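Coordinate inspection notes
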2 protein chains.
Amino acid sequence: MAKKGTAEERDLVHKLWNRGFAAMRAPASGGATKNPLPDVVAGNGKIYLAIEVKTTTKDKIYIDFEQIDALVEFSKKFGATPYIGIKFKYTKWYFIAPENAEKTKNGNIKIEKNFILENGLEIDEIVGKDKQMKF
Amino acid sequence: MAKKGTAEERDLVHKLWNRGFAAMRAPASGGATKNPLPDVVAGNGKIYLAIEVKTTTKDKIYIDFEQIDALVEFSKKFGATPYIGIKFKYTKWYFIAPENAEKTKNGNIKIEKNFILENGLEIDEIVGKDKQMKF
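Helix length check: helix 1 (residues 6–18) of chain A, at 13 residues, gives a terminal C-alpha distance of 18 Å against a target of 18 Å (1.5 Å per residue), a fit within 8%. Looking only at helix 1 of chain A, the buried set comprises Glu-9, Leu-12, Val-13, Leu-16 and Trp-17 of chain A. Down the axis of helix 1 of chain A, the buried set is contained in an arc of 140°. They therefore lie on one face. For helix 1 of chain A, exposure combined with an orientation more than 90 degrees from the buried face picks out Ala-7 and Asn-18 of chain A. Those residues of helix 1 of chain A that are buried lie in contact with strand 1 (22–25), strand 2 (40–43), strand 3 (48–56), strand 6 (93–96) and helix 4 (123–126) of chain A together with helix 2 (65–78) of chain B. Backbone geometry just after helix 1 of chain A places Gly-20 of chain A at a positive phi near 85°.

Taken together, three strands build an open sheet; the order of strands is 4-8-7 (chain A) and the sheet is antiparallel. Two strands in the sheet have a free side with no partner beyond their single neighbour: strand 4 (60–63) and strand 7 (102–103) of chain A.

What follows is about helix 2 of chain B. All names here are of chain B. Taking 1.5 Å of rise per residue, 14 residues should cover 20 Å, and helix 2 covers 20 Å from first to last C-alpha, within 8% of that figure. Among the residues of helix 2, Ile-68, Ala-70, Leu-71, Phe-74, Ser-75 and Phe-78 are the ones counted as buried. Seen from one end, helix 2 has its buried residues packed into an arc of 160°, which puts them on one side. Downstream of helix 2 by one or two residues, Gly-79 has phi in the positive range, about 95°.

What follows is about the interface of chain B and chain A. Tallying the contact residues gives 29 residues for chain B and 29 residues for chain A. In total, chain B and chain A occlude about 2300 Å² of area from one another, counting both sides; carbon and sulfur atoms represent 69% of this. Across the chain B-chain A interface, the total number found is zero salt bridges. Sort the elements by how many residues they give to the side of chain B that touches chain A and strand 1 (residues 22–25) of chain B lands first, with four residues. Its residues placed into classes, the side of chain B that touches chain A shows 17 nonpolar, nine polar and three charged.

Our next topic: unusual backbone geometry. All names here are of chain A. Positioned with a positive phi, Tyr-90 is a non-glycine residue whose angle comes to about 70°. With respect to the secondary-structure elements, Tyr-90 resides in the loop between strand 5 (81–88) and strand 6. The exposed category is assigned to Tyr-90, whose relative accessible area is 76%.

Moving on, we come to the nonpolar core. Counting residues in each nonpolar core, the largest one holds 80 residues, and the members touching the most others are Leu-16 and Ile-111 of chain A together with Leu-16 and Ile-111 of chain B. Excluding anything up to four places from it in sequence, Ile-111 of chain B contacts Asp-59, Lys-60, Ile-61, Ile-63, Ile-84, Ile-86, Phe-88, Ile-96, Ala-101 and Ile-116 of chain B.

On to a negative patch on the surface. All names here are of chain A. A cluster of acidic side chains, namely Asp-64, Glu-66, Asp-69 and Glu-73, defines a negative patch on the protein surface. Considering the arrangement of structural elements, one finds Asp-64 in the loop between strand 4 and helix 2 (65–78). The exposure class assigned to Asp-64 is partly exposed, which follows from its relative accessible area of 45%.

Okay, the pattern of salt bridges next. For the coordinates displayed, the defined rule picks out twelve salt bridges over all chains. Notably, a salt bridge pairs Asp-124 of chain A with Arg-19 of chain A, separated by 2.6 Å at the nearest N-O pair. Separated by 105 residues along the polypeptide, Asp-124 of chain A in helix 4 and Arg-19 of chain A in the loop between helix 1 and strand 1 bring together distant segments of the chain. The exposure class of Arg-19 of chain A is partly exposed, given its relative accessible area of 22%. Between Lys-110 of chain B and Glu-112 of chain B there is a salt bridge; the shortest N-O distance is 3.9 Å. Lys-110 of chain B gets classed as buried once you look at its relative accessible area, which sits at 18%.

We now examine the sheet that holds strand 7 (residues 102–103) of chain B. All names here are of chain B. Read across the sheet, three strands follow the order 4-8-7 without closing on themselves; strand pairing throughout is antiparallel. Two strands bound the open sheet, and with one partner strand each, they are strand 4 (60–63) and strand 7. Pairing analysis gives two bridges linking strand 7 to strand 8 (residues 109–112), with the strands arranged antiparallel. In the sheet register, Lys-103 faces strand 8, and the bridge partner there is Ile-109.

A separate point is the side chain of Asp-39 of chain A. Locating Asp-39 of chain A in the fold gives a position in the loop between strand 1 and strand 2. For Asp-39 of chain A, a relative accessible area of 2% corresponds to the buried category.

Parameters at a glance
- Residues numbered from 1 in each chain as written.
- Chains lettered and ligands numbered in written order.
- Predicted model: local features only at pLDDT ≥ 70, side-chain atom pairs only at ≥ 80, totals over all residues.
- Heavy atoms only, no water.
- Helix = DSSP H or I, 4+ residues; strand = E, 2+ residues; numbered from the N terminus.
- Expected span 1.5 Å × (residues − 1).
- Buried < 20%, exposed > 50% of the residue type's maximum accessible area, 1.4 Å probe, protein only.
- Arc of directions from axis to C-beta.
- Contact = heavy atoms within 4.5 Å.
- Pairing = 2+ DSSP bridges.
- Buried area = accessible area lost by both parts, 1.4 Å probe.
- Salt bridge = Lys/Arg side-chain N within 4 Å of Asp/Glu carboxyl O.
- Nonpolar A, V, L, I, M, F, W, Y, C, P; charged D, E, K, R; others polar.
- Core = buried A, V, L, I, M, F, W, Y, C linked by side-chain atoms within 4.5 Å.
- Patch = residues over 30% accessible without salt bridge, like charges linked within 9 Å, V, L, I, M, F, W, Y side chains within 5 Å.
- Areas by Shrake-Rupley, 256 points an atom, 1.4 Å probe, with all protein chains shown as cover.
- Lys, Arg positive; Asp, Glu negative; His and termini not counted.
- Charge placed at Lys NZ, Arg CZ, Asp CG, Glu CD.

Now the structure itself:
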């Protein structure tokens, strides 16, 4: 199952700063409010990103559709491009737009390692340094 | 002195959501990284805001220039308009652009209640609902 990895979030935030973005993690708890929040928000004055971070030691990962709906809702309102950011063990970071991810019968998201290795975007692609689009 | 008010940050975030923005507080601790972070980041697809939140029960408030430099640096990189958001006891929220705030001899920022009541922007002005500019 998905594990919310603070260390991985920090690593991603660090990589975004290194690529000229200002990036911020969400607070540990949403607190009293129930506003939908992504794990990381970043911007560089031209590109704004909202990222839901998932890490796993397994070969696939499931994400509840509520979480993805929240990511998309936040992104639309904020003015950011939503991505699911995935870190499988021993792989680089990969990113996928919610609409390009595989859905289960229940409407949840299922991301398989082999699928993301082939179809995922790398960090330099989502920050605009490499315009190669896989979709 | 300035008191970092989480309750006030939540209140501000709530008010921004009510005005069509997606808003997020910074994590409680910057953690291992020393990246400059504002207290609140918000966007509505057109306007992006980075806000340093200050609250006090006194009649004036001082802010170290390092904090303001960090706010401005984050904002420039992210692509947001920087504001100091101030909540004096028994007043509404007021906002001021860092460059419009009074500076002390040491380069720190000093904001007096009377000054902000006259010159501060209200929340509906910084979210673009009311274009009246005081400067």
